[in-house]
Each structure stands twice: as structure tokens, then as C-alpha cells.
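Inside the fold
Chain by chain, the residues:
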Amino acid sequence: MPIRPVAGLRVLSAIVMVLAAVPAPALAQAHDTVTIGMAIEPAGLDPTAAAPVAIGQVTWQNIYEGLTRIDSDGQVQPQLAREWTISEDGLTYVFTLEPDVTFSNGTDFTAETAKFALDRARGDGSTNPQKQFYATILSVEARDPATLVVTLSQPTGNLLYWLAWPAAVMVEPSSAATNNVRPVGTGPFALAEWRQGDRIELRRRADYWNREDVPALAAATFRFVADPQAQAAAIRSGDIDAFPEFGAPELYATLEGVADLATVVGSTELKVVAGMNGRKAPFDDLRVRRALMMAVDRETLIHGVYAGYGEPIGSHYAPNDPGFVDLTEAHPYDPEAARQLLAEAGYPDGFSLTIKTPQMSYATRSAEVLQAFFAEIGVTLEIVPTEFPARWVDEVFTRHEFDMTIVAHAEPLDIGIYARPDYYFGYANPAFDAAIVAAETAIDPAERLARYGDAQRILADEVPALYLFAMPKLGVWNAALTGLWENEPIPSNDLTDVAWTD
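Conventions adopted
Residues numbered from 1 in each chain as written. Predicted model: local features only at pLDDT ≥ 70, side-chain atom pairs only at ≥ 80, totals over all residues. Heavy atoms only, no water. Phe/Tyr/Trp six-rings, centres within 6.5 Å; stacked < 30°, edge-to-face > 60°. Pairing = 2+ DSSP bridges. Helix = DSSP H or I, 4+ residues; strand = E, 2+ residues; numbered from the N terminus. 1 Å grid on protein atoms, 1.4 Å probe; cavity = no way out; pocket = protein on both sides within 12 Å on 5 of 7 lines; lining within 4 Å. Points joined across faces, edges and corners; volume = space filled by probe spheres on them. Nonpolar A, V, L, I, M, F, W, Y, C, P; charged D, E, K, R; others polar. Buried < 20%, exposed > 50% of the residue type's maximum accessible area, 1.4 Å probe, protein only. Domains from an automatic or database assignment. Contact = heavy atoms within 4.5 Å. Buried area = accessible area lost by both parts, 1.4 Å probe. Salt bridge = Lys/Arg side-chain N within 4 Å of Asp/Glu carboxyl O. Polar contact = N/O pair within 3.5 Å; in protein donor to acceptor, adjacent residues only side chain to side chain.

For the structure shown, the criterion picks out 29 aromatic pairs. One aromatic cluster is present, built from ring pairs that chain together F388, W392, F397, F402, Y418, Y423, Y424, F425, Y427, F432 and Y467.

Pasting the structure below:
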């Protein structure tokens, strides 16, 4: 569902005047290359080793591929596995692999390679960010070079979907230790150069296995521009051809209608949530968590944070995903009721807390709006800027040294993270865990979505995090470009179908 700005949005006239003075975008000089802008540079280039989505946004479907893939409509499609059969009990998957596939270092891709990749992802020493995806795999067998057999301990209805994620891409054994800086994959592009702090350049592989899907682009450059004003200037001048995720919603309206630019507001899996550390007081008290949620007017927050673009959420689930339940009224905005709950919890005069905030603009702005809302119920919120990803991952994600934090969770259908005992929320609820197990073991799709609905309702009621809004995909690119994804069912910049029209 497209996300529209709320009527009456106004942009500061001074900003408009400055941007109007910047020339319109020039056409690209070479129509077999493209320059893509991103706000955040990945810290590494191996999506099987670390969680930040920027890794996959550069590498997934460009450098690396999986047994399956997710298309622009969010549907699972064959990739390195050309077809498969599933046993009647849902416990055995037999994959038939594509023949004559090679990695960019010339090594053949076979069932033995796929076995290595899956065993590595699920092994004891694995640092795979989605290791839990492989928890139900009992064994992986390379029956012959073109046949892979995966045996499960219990039915896993999401297996084909999970195998399409960046964390599940196929890895060439001899390159596994160095993929973070010298990635080797089966995809249509290979790394040409990485100028850290500036850009990553990819080149098209002449020996790419899928001759029916060879990209039109001979090369692509990812440039990293964090400053919103610089992003707007770069796209207007033609220095950058596309910002698939434009980072300045307050400037986006100034680009709509500009000659030679296409602006597309689409959906994403980005769920902006303010996580609370349930391992410590006062967040171990349900009344406090509910009070903080009731202190927040989501519509006002969306205006202040994302210029009116976005959709309120009441649980950890994107509105465009199947099985979404609108739960924004579970704890609606009600400051008076919030104050009463705090008094019942023993905080009649409120309390003080900190929020560790990554440097992304949406996070900073959200924290500032929350600070104002909390003040109305007597809660003092101190904002602590926290470098992302390194410091945030260390302090919040790994060591759980925080009161509150705020981040956009980008992975699709990731509601199951609340069932992980070591996850940063510190949330534990056997009923929720049971709902997730029921969803993930359901073979029938309708049953699976019904159980995900149960899980959504539990989170909306218990509020282990403040559920704020689903972030839109504010795409802007040269109007002569085609093939960029309008929506984002999984964080990516898939260049496979990108081409110039003239």
C-alpha cells in the first residue's frame, strides 16, 4: 500500500530556494553504468557474517545469490536451486541445482558448496545474523553435484523464504574467511574497488552463469552520502543517478515534479521501534511500558520525524506484509491515562532514562519527539548519540547496556526476534514463543498467518518496544532509469533489471 504524505505538509521556503538554485540532473554520460546513492556505508561485504542491512543493499543479488531469491513483489523464486520437492510430512527438501554455475573466482558451484554454506551458517562457531533460521535443519546432504537434500527436525514453513535472504547466500569455501573485504559470489557483478568512506564499484562478470538474465549495466558505483542536503544536491546535479532510499523526507517534496527526475513513494519492511530494556527496572513493569506507549501520538511523531510520510504501527509487523493486523488502538494516545499508570507503578513524579540513538536522522528526530511527549507525563528522556553500527551493536545489541534505544528493523517478517532469549529487548513470554513456533512450523499458509496474528496481538498488549511507524521508501532517480524496485520487500538494491531507456 503506498504511503502518502499528510495533506498540508509545508517545507521551509529557505530550503526550497536553496535547492531551486541547483541545476536539474544531467543525463548519464555512459548508458551502461549507474551511480547509486546510499546514506550508510556497509562496514563489511559479507551478509552471512553481520546484520547491518547496508551489506545486503550493496551485495545481495549483485555479488551473491542464494538457493532461492525474493522478487520485487516479495515472492519466493528459484535461483541457484532451479526446482525442489518437499516431502508430504514437510521434513525433507530435495533441491535440484542449476548446472554450470561458477563463482567470480572461477570455482564451480555444486551441491557440496551449498552443503558447506548451510553447514557453516548453522555451525557452532557461526556468526550468521540469522542463525536461528537453520535451527530446524538436522542434516544437509550432497547426493550428487546437482542434488542437495535438506532434512528438518520439524516442518518449517518459512524455509524457502529464509533461504532467499542475504544471510543465506551461497559462499565459496576458499573465500569464506575474506568475503568481508574481497567478496566472491555467483552473482552477475564482482567487486572492482572499495574506496572506504567514499564508494564501492562493481563490474559485470563476463562469465555470469545465467545468460538469460545478464544485466544491461556493465558497471555500477555505490556512493555514500550521509548529509541530506548533499543527497538532494547530488541527485539534482546528476552526480548521482539514483537514491533508492532518499534520506531527507523534509526535502522530498521539493524533488517531486522536477524535470528528468522520477519520485516514487513505496513501502518497506522498515519498522521504527523504540526498544526498552526489559531486563531492568522500570521497563520490567508492564504498566510503565504501556504508559510510555500511551504518551506517544504517532501521527504527530510521523509529521515531526518523516514529514508526514509513513504509516503508524501497533506491533512489530509491516502493514504491507500478509497477515498484518492494525493494532494501533491497543494503547492509543492518552497522556492522562499514562500518568495514572505511572502513579500506579510507583512513579507519580515520573522518572529519568536515557535513549541510545544511532546517528541516522530518523532516529535522532524520533528521540527528540519522544523526549517532548515523555515530558508531558513527567518522564525525563536524555538522548545519547551512539555511533552505528559499531558502538550501537556493541553496547545495545550485544552487551545490553541501555535503557531505551531506537532503530528501524528492516528484515521482513522478523517478529520472531522477540522469542530469542539473548535479543536486546530482553523480552520473555511463553505464550508469544508458542505463537511463533506455531507460525513457523505451520505448513498451511493460512494457519501460519493466523498464528502470526496471535503474536502481533501479544506484542501490542505487552509493549516490549514502542511501536511507532513503518518507514516509506522515498525513491528518487533519473527518469531515464528503469528497473529499480519501487517497493522494498527485502532491503536491497538489486541491479539485475536496471537499464537506461535512451
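An order of β14-β18-β13-β17-β15-β16 is seen for the 6 strands of this open sheet, with the pairing classed as mixed. Every interior strand has two partners, whereas the edge strands, β14 (311-312) and β16 (380-385), have only one. Where strand β13 (residues 271-276) meets strand β18 (residues 465-470), 5 bridges bridge the pair, whose relative direction is antiparallel. Counted as the bridge partner of K271 is A470 from β18.

It is worth spelling out empty space enclosed by the protein at this point. Counted by the stated rule, this structure contains 5 cavities of 30 Å³ or more. Looking at the largest cavity, its volume works out to about 150 Å³. Forming the boundary of the largest cavity are 15 residues, of which A51, V53, P166, A167 and E411 lie nearest the centre. Class assignment of the residues belonging to the lining of the largest cavity gives a composition of 12 nonpolar, 2 polar and 1 charged. A volume near 50 Å³ is recorded for the second largest cavity. Lining the second largest cavity are P244, K473, L484, W485, S492, N493 and D494. By residue class, the composition of the lining of the second largest cavity is 3 nonpolar, 2 polar and 2 charged.

Attention now moves to the environment of N210. By the element assignment, N210 lies in the loop between β9 (199-204) and β10 (219-224). By relative accessible area, N210 is classed as buried at 18%. Along the chain, N210 and T186 lie 24 residues apart, while their C-alpha atoms are 9.6 Å from each other.

Attention now moves to the domain arrangement of the protein chain. Parsing the protein chain into structural domains produces domain 1 (31-260 + 479-501) and domain 2 (269-472). Each of domain 1 and domain 2 has a C-alpha centre, and these two points are 29 Å apart. If you look at the interface, domain 1 gives 30 residues, while domain 2 gives 21 residues. Roughly 2,000 Å² is buried in total at the junction of domain 1 and domain 2, and carbon and sulfur atoms are behind 59% of that figure. A per-residue breakdown of the area domain 1 buries against domain 2 is headed by I40, N158 and P249, which together make up 23% of the total. Where domain 1 touches domain 2, the interface holds 1 salt bridge. Remark: the boundary between domain 1 and domain 2 carries 6 residue pairs in polar contact (both at pLDDT 80 or more). Going through the elements one at a time, α4 (159-162) and α6 (249-255) are the ones with two or more residues in the side of domain 1 that touches domain 2. Counting residues per element, the side of domain 1 that touches domain 2 draws most heavily on α6, at 4 residues. Split by residue class, the side of domain 1 that touches domain 2 holds 17 nonpolar, 8 polar and 5 charged.

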